[in-house]
Amino acid sequence: MRSTRNLTFFGFALMLGLMVALMAAGLNRMGVINENLETIVKTHNTKMTRVWEMRHAARERAMILYHMAHTEDPFARDELKLRFGQYAAHFIQARTGLESSGLTAEERGYLNASLKLARQGESAQNTVLDLLDEDRQEEAQDLLYHRVVPVQNHVMAQLTLMLESQQKAALVAQNRAKNAFQDALSLTLGFGLLTLLVGSLVAYYVIRRSSIIETELHQEKERAQITLHSIGEAVISTDEHGLVTYLNPVAERMTGWLDGEAQGRFLTDVLHLSSEKGKDAADAAFDPLNIEAWIESCGDATELTARNGTHYAVEFTASPIHAPDGQVRGATLVLRDVTDSRELSRQISWAASHDALTGLINRNEFERRLEWLLQDARTLRREHALLYLDLDQFKVVNDTCGHIAGDELLRQLTARLTEKMRSSDSLGRLGGDEFGLLLDNCPLEKAAQMAETLRSTVAQFRFMWESKPFDVGVSIGVVPITADSVSATQLLSTVDAACYVAKDKGRNQVHVFKQDDTETSQRTGEMSWSQQLSQAIQEDRLLLYAQKIMPLNGNRGHCPHLETLVRMEGATNQAVPPMSFIPAAERYGMMPALDRWVIRNVLARLSRHQMNCVNASCSINLSGQSLGDATMLPYILEQFEQTGVAPQHICFEITETAAVSNLRAAVQFIQTLRDLGCHFSLDDFGSGMSSFGYLRQLKVDYLKIDGAFVRTMLENETDRAMVAAINNIGHVMGLRTVAEYVADAATLELLRGMGIDYAQGYGLHRPELLTDDFIVGLQWGLGDPSAGRLHALS
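In this text the structure is predicted, and so the values were computed from the model without any measurement.

## Re the pattern of salt bridges
Taken as a whole, this structure holds 24 salt bridges when the rule is applied. Residues Lys 503 and Asp 392 are paired through a salt bridge, measuring 2.6 Å at the closest nitrogen-oxygen approach. Note that Lys 503 is positioned in helix H14 (residues 488-504) and Asp 392 in strand E7 (residues 384-392), a separation of 111 residues in sequence. In terms of burial, Lys 503 and Asp 392 fall into one category: buried. Here Glu 408 and Arg 411 are joined by a salt bridge, their closest N and O atoms 3.1 Å apart.

## Topic: the packing of helix H10 (residues 363-380) against H14
Interaxial distance between H10 and H14 falls to 10 Å at its minimum, and their mutual angle equals 110 degrees. Relative to H14, the element H10 lies roughly perpendicular. Helix-helix and strand crossings are classified by hand; for H10 and H14 the assignment is right-handed. Between H10, through Arg 363, Phe 366, Glu 367, Leu 370, Glu 371 and Leu 374, and H14, the contact on the second element is made entirely by Ala 488, Leu 491 and Leu 492.

## With respect to the packing of aromatic side chains
Under the defined criterion, the tally for this structure stands at four aromatic pairs. Taking the centre distance of 6.2 Å and the plane angle of 15 degrees together, the rings of Phe 463 and Trp 465 count as stacked. Owing to a relative accessible area of 0%, Phe 463 belongs among the buried residues under this scheme. Relative to Tyr 758, the ring of Tyr 702 lies with its centre 6.3 Å away and its plane at 65 degrees, an arrangement referred to as edge-to-face. Taken as a pair, Tyr 702 in strand E20 (residues 702-705) and Tyr 758 in strand E22 (residues 758-759) lie far apart in primary sequence, 56 residues in all. Each member of the pair Tyr 702 and Tyr 758 is classed as buried. Among the aromatic side chains, those forming a connected cluster through ring pairs are Phe 652, Phe 669 and Phe 680.

## What to know about the side chain of His 765
With respect to the helices, strands and loops of the structure, His 765 is situated in the loop between E22 and strand E23 (768-769). Among the residues examined, His 765 registers a relative accessible area of 9% and is labelled buried. Side-chain polar atoms of His 765 contact the side chain of Glu 768, separated by 2.9 Å. Apart from residues lying up to four places away in sequence, His 765 is in contact with Ala 546, Gln 547, Lys 548 and Phe 774.

## Comments concerning the pairing of E20
Neither face of E20 is exposed, since Tyr 702 and Lys 704 on one face and Leu 703 and Ile 705 on the opposite face are all buried. When strand E19 (residues 679-685) meets E20, the two strands line up parallel, connected through three bridges. Note on E20: the bridge partner recorded for Leu 682 is Leu 703. Looking at chain direction, E20 and strand E21 (residues 736-739) are connected through four bridges and run parallel. Residue pairing for E21: Tyr 702 is matched across the bridge by Arg 736.

## Looking at the sheet that holds strand E2 (residues 244-247)
In spatial order, the strands read E2-E1-E6-E5-E4-E3; together these six strands make up an open sheet with antiparallel pairing. Since the sheet does not close on itself, it has two edges, and those belong to E2 and strand E3 (273-274), each with one partner. Bridging between strand E4 (residues 303-305) and strand E5 (residues 311-322) involves three bridges; their strand directions are antiparallel. Paired with Thr 305 across the strands is His 311, a residue of E5.

Reading the values: the criteria
Residues numbered from 1 in each chain as written. Predicted model: local features only at pLDDT ≥ 70, side-chain atom pairs only at ≥ 80, totals over all residues. Heavy atoms only, no water. Salt bridge = Lys/Arg side-chain N within 4 Å of Asp/Glu carboxyl O. Helix = DSSP H or I, 4+ residues; strand = E, 2+ residues; numbered from the N terminus. Buried < 20%, exposed > 50% of the residue type's maximum accessible area, 1.4 Å probe, protein only. Axes fitted to C-alpha atoms, helices over the stretch in contact; angles between N-to-C directions. Parallel < 35°, antiparallel > 145°, perpendicular 65-115°, else oblique. Left-handed = near helix turned anticlockwise from the far one by under 90°. Contact = heavy atoms within 4.5 Å. Phe/Tyr/Trp six-rings, centres within 6.5 Å; stacked < 30°, edge-to-face > 60°. Polar contact = N/O pair within 3.5 Å; in protein donor to acceptor, adjacent residues only side chain to side chain. Pairing = 2+ DSSP bridges.

This is the structure:
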């Protein structure tokens, strides 16, 4: 501290000495200023000389012109003319020297005026010379007396005025120079004394202040040391040669070197950076003068290896340390330990593209790789393959043992499948028990072999859970990925359809899609219809048609009935028949949504018309899927409450097959709604294997005889007998019978003779669009036997 103050005092003493010297130099400079001012006076004298030269040249030219006008000797005239030109050159030379000497505005005005007059006189002088050359001496003399001489006198007058102005300016400049010298001398002496006083005060202040600053810097250094010891980043400092000068505690921990051990060593001996793949980042020595080049040589270095072999994931920055003069005196490196955050980021990235349960890639990643293979097929004209695997009997394990067992089954099975694959193949989990496999650079024949290998692997796999064995199978669809493939979406749709074909063949099968594959094309068509139907339901693009159900045997006691037929409005506003989209709806579980739409719209339509006939009936067909849907019954009850339609006017139709396959659910469903007042009809009766056996358990009101019997009963005695038997049993059980698909009068008469209660078909009434006008025209609810509605999905 004391040495710093001493150095500062010595520096200020030197500064004061220099200031005294500066004062002496200033006095000396004043003498120089005086000499410069004398030079200014000389410049004025030079100007005066140039003006005198211009006056002399002008006067001489006038005299020569006068002599030329009065001499008769042509040789003498030529000699005078030569001298006339020489003095013109003298005039121009003097004028040029005058202009270059620096003129004041007043002097410039006089010079410009004289030059303007000289140009006027020059024109007249040239005219005189021309007249003399033509021996017109008298005219030349006349022009000389009247034009040249007056102009010349004016020029001389302007030059005389300039001389007088320059003489005055010279005197003024000389006086000013003397005054300026005296003022500068006084000011220099005063400033010198003031500088000595201020310098002494400044020296005292700076010496005192430097002591305070030195104390503050020491405290700041202490705080910096504490901060460097406390921060979570590793800090390493080097000198300009790349030798380590400091390591904070975090740097000591991460490098494995103590600060004292590392000091004086090259940075690359202490700091070992490498990429995550283990490649050394940089072999070049650390150069603080070119940090950017060293960082570039580090490349993708993201891992630090400590002296003891511990690895850290790091992010680092390096900055040069500059001295006050701008020179680089070292560098500081800051390294952040991001091991935990990088691992978390890696886990998040992995989770975004993988299935957590099986460790396989998820659907998003699978579709991304599929897009890549499709692009590869188009670019390199290579063939790949896409497999779709759907486990058989997986639901049995889930329902029997729970989801924990199902999850364990998936883990074990995917491990077995992975063992059979190449490293270049990609197996992904696309759904609950659905998987996709991408075979890179694999022709269709090899893909089929791989599919069979996987099918056999799954078939041979036996899953054990709590000492219970379970066998599972897998249905596999295979499609090629070629340059002709349309899109990834189309490939997934096709392979999904191919997998369903394999399931339809009895499960645990492999189906390879090839050109002209009608089975897969049909399944693809159903998938397309399911998408169209879903969109039609959302956009309310379904239509209701009505077909009358006619009473037979002149039975006027029955109130009117109608059957409503659902259609879909196509892209070109045409009505699409139900058989185009119903199979797709049944296969893809869309029947409950379709049934809800029909129930909602039929009840809403009925709510706008009063039904005075107590027994008027409108039947609404329900699918087997709706019977098994636990939410369907509450939905129907809610619709009755919202629309206010009396339940006794609604008859729900269920098919025999749906009722038998969901017998318990069907019995409970029927009983609940019958208690509310609804009626039920058993559709397509006679098509099942155990129709009569189950009939006693199903509390229905109507039997609709399967149209397959009715259509051929005229020609086929067996079918006629079946119709008669169903009618008789129905009547014995107190049920009313309905014959479907009545196409002609002969069939109608035969049915009437058998005592069938109702008939419907194209021979009686072709379906019409169900509108409010149609309902009013039927006098709905007024006892017209042709009234009523029924919803059919067959």
